[in-house]
Amino acid sequence: MKILVVAATIPEITGIYNHFGLNPLTFTSSAKFDLLVTGVGMTATAYAMGQHLCSSYDLVLNLGIAGCFDTSVPLGSLVRVQTDEFSELGAQDKNVFLPIDELGFGKSKHNGSYLTYENPALKGLTYQGAGITVNTVHGNKESISAIRARLNPLTESMEGAAVFYACEQASVSCIQIRSISNYVEERNKAAWKIGLAIAKLNEWAIEFLTNA
Ligand SMILES: O=C(O)c1cccc(C(=O)CC[C@H]2O[C@@H](n3cnc4c(=O)[nH]cnc43)[C@H](O)[C@@H]2O)c1
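Note that the coordinates shown come from a computational prediction; the quantities given were computed from them, not determined experimentally.

So what about the site of the ligand? Which residues, and what values?
Close to the ligand lie 16 residues, the nearest being Glu156, Met158, Glu159, Asn182 and Arg187. Residue Gly67 places a main-chain N or O atom 3.3 Å away from a nitrogen atom belonging to the ligand. Take Arg187: an N or O atom from its side chain is 2.6 Å from an oxygen atom of the ligand. In the complex, 83% of the free accessible area of the ligand, which totals 570 Å², lies under the protein chains.

Pasting the structure below:
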């Protein structure tokens, strides 16, 4: 089984490089898995995956930190994102948002089309749910209320739906694991626990990759 690990930034997967003795580059190869660092956002992700994703991979593992809409989920928790949605892709019809599905240009929600793969690290995950992928991180009460009312997501990232989309296009299964660094709330960067989230994410990913 050959896995492509995909993350937006090197710091988010630095523990994997250190544990397996790999060079932190934007593309790093090893026997069981390769590591691809795309850059932040959907456009950078789509370009990098278009360059590197091919059918010789059996699985894509998308790793990263994320915001969470549910404040009962502790910071540093791991969430398996099962569906992810391009929540801003569509049109405004006065006060109503029309997703691209309704415009007839495709679908906004994607998933990992993950079928049979078993790994002990997956069993330990407590949280799972639906994510949204954004260009603009939500940071005011009005926009947060509006997205809760429209989609009621659990997580928010800037890449997840683009990774699922690329995997669907290439017919490669994908698992997305996000570690919660912050709540989606009025912007308060001082409250983000990026170090904690990255530490928990890498601990989990090392177990997953060791057992793969
Ligand atoms: O300073 C900021 O405002 C800021 C906004 C988003 C992300 C960052 C990062 O430092 C990490 C980049 C990475 O983080 C993911 N992320 C984390 N929390 C959220 C969120 O609440 N909403 C959307 N994305 C989030 C994202 O996938 C980025 O790739 C700094």
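Don't stop here, the text continues.
Got a sec to walk through the pattern of salt bridges? Specific residues and values, please.
Here the structure, examined in full by the defined rule, presents five salt bridges. Notably, a salt bridge pairs Glu168 with Lys107, separated by 3.2 Å at the nearest N-O pair. Note that Glu168 is positioned in helix H6 (residues 160-170) and Lys107 in the loop between helix H3 (100-103) and strand E8 (109-111), a separation of 61 residues in sequence. The partner of Lys123 in a salt bridge is Glu118, and the shortest N-O contact between them spans 3.4 Å.

Quick one: what's the story with the pairing of strand E1 (residues 3-7), residue by residue and with numbers?
For E1, the tally of buried residues reaches five of five residues, placing the bulk of the element in the interior. Because side chains alternate across E1, one face comprises the buried residues Ile3, Val5 and Ala7, and the other comprises Leu4 and Val6, equally buried. In the sheet, E1 pairs with strand E3 (residues 33-37) via five bridges, with the strands oriented parallel. Across the sheet, Ala7 pairs through a bridge with Val37, a residue of E3.

Hey, could you go over the packing of aromatic side chains for me, with residue numbers and the actual values?
Going through the model one piece at a time under the given rule, you end up with three aromatic pairs. Seen in terms of ring centroids, Phe20 and Phe33 are 5.1 Å apart; in terms of plane orientation they differ by 75 degrees. Their pairing is edge-to-face. Taken together, the residues span a long stretch of sequence, with Phe20 in helix H1 (residues 14-20) and Phe33 in strand E3 at a distance of 13 residues. Phe20 gets classed as partly exposed once you look at its relative accessible area, which sits at 29%. Taking the centre distance of 6.5 Å and the plane angle of 70 degrees together, the rings of Phe86 and Tyr165 count as edge-to-face. Of this pair, Phe86 sits in strand E5 (residues 78-86) while Tyr165 sits in helix H6, and the two are 79 residues apart along the sequence. Since its relative accessible area comes to 12%, Phe86 is described here as buried.

Pulling in residues and values, what's your account of helix H7 (residues 194-211)?
Residues that lie three or four places apart on an α-helix share one face, since the helix turns once every 3.6 residues. Taking 1.5 Å of rise per residue, 18 residues should cover 26 Å, and H7 covers 26 Å from first to last C-alpha, within 8% of that figure. Listing the buried residues of H7 in full gives Ala197, Ile198, Leu201, Asn202, Trp204, Ala205, Ile206, Phe208 and Leu209.

Give me the lowdown on the environment of Glu156, citing residues and values where you can.
Positionally, Glu156 belongs in strand E10 (residues 155-157). Along the sequence, Glu156 and Thr133 sit 23 residues apart, while their C-alpha atoms lie 5.8 Å from each other. In this structure, Glu156 is in contact with Ala66, Gly67, Phe69, Ile132, Val134, Val137, His138 and Val184, ignoring residues within four places of it in sequence. Only 2.5 Å separates the side chain of Glu156 from the side chain of His138, close enough to count as a polar contact.

Explain the pairing of strand E6 (residues 90-93) residue by residue, including any values.
In regular strands, side chains alternate between the two faces of the sheet. Two strands pair when backbone bridges link them, and E6 and strand E7 (residues 96-99) are joined in this way by four bridges, in the antiparallel orientation. Bridging across to E7, Ala91 finds its partner in Leu98. The turn linking E6 back onto E7 is made up of two residues, and Lys94 within it adopts a positive phi angle of 55 degrees.

Before we move on, can you summarise the nonpolar core with the specific residues and values?
Residues Val5, Ile16, Leu61, Leu63, Ile177, Trp204 and Phe208 are the most contacted members of the largest nonpolar core, which totals 25 residues. At the level of secondary structure, the elements contributing two or more residues to this core comprise E1, H1, E3, strand E4 (59-68), helix H4 (120-123), strand E11 (173-183) and H7. If you tally residues by element for this core, the top one is H7, at five residues. Those residues in contact with Phe208 that lie beyond four places of it in its chain are Ile3, Leu59, Leu61, Tyr117, Asn119, Ala121, Leu122 and Ile175.

What counts, and at which threshold
Residues numbered from 1 in each chain as written. Predicted model: local features only at pLDDT ≥ 70, side-chain atom pairs only at ≥ 80, totals over all residues. Heavy atoms only, no water. Near = heavy atom within 4 Å. Polar contact = N/O pair within 3.5 Å; in protein donor to acceptor, adjacent residues only side chain to side chain. Areas by Shrake-Rupley, 256 points an atom, 1.4 Å probe, with all protein chains shown as cover. Salt bridge = Lys/Arg side-chain N within 4 Å of Asp/Glu carboxyl O. Helix = DSSP H or I, 4+ residues; strand = E, 2+ residues; numbered from the N terminus. Buried < 20%, exposed > 50% of the residue type's maximum accessible area, 1.4 Å probe, protein only. Pairing = 2+ DSSP bridges. Phe/Tyr/Trp six-rings, centres within 6.5 Å; stacked < 30°, edge-to-face > 60°. Expected span 1.5 Å × (residues − 1). Contact = heavy atoms within 4.5 Å. Core = buried A, V, L, I, M, F, W, Y, C linked by side-chain atoms within 4.5 Å.

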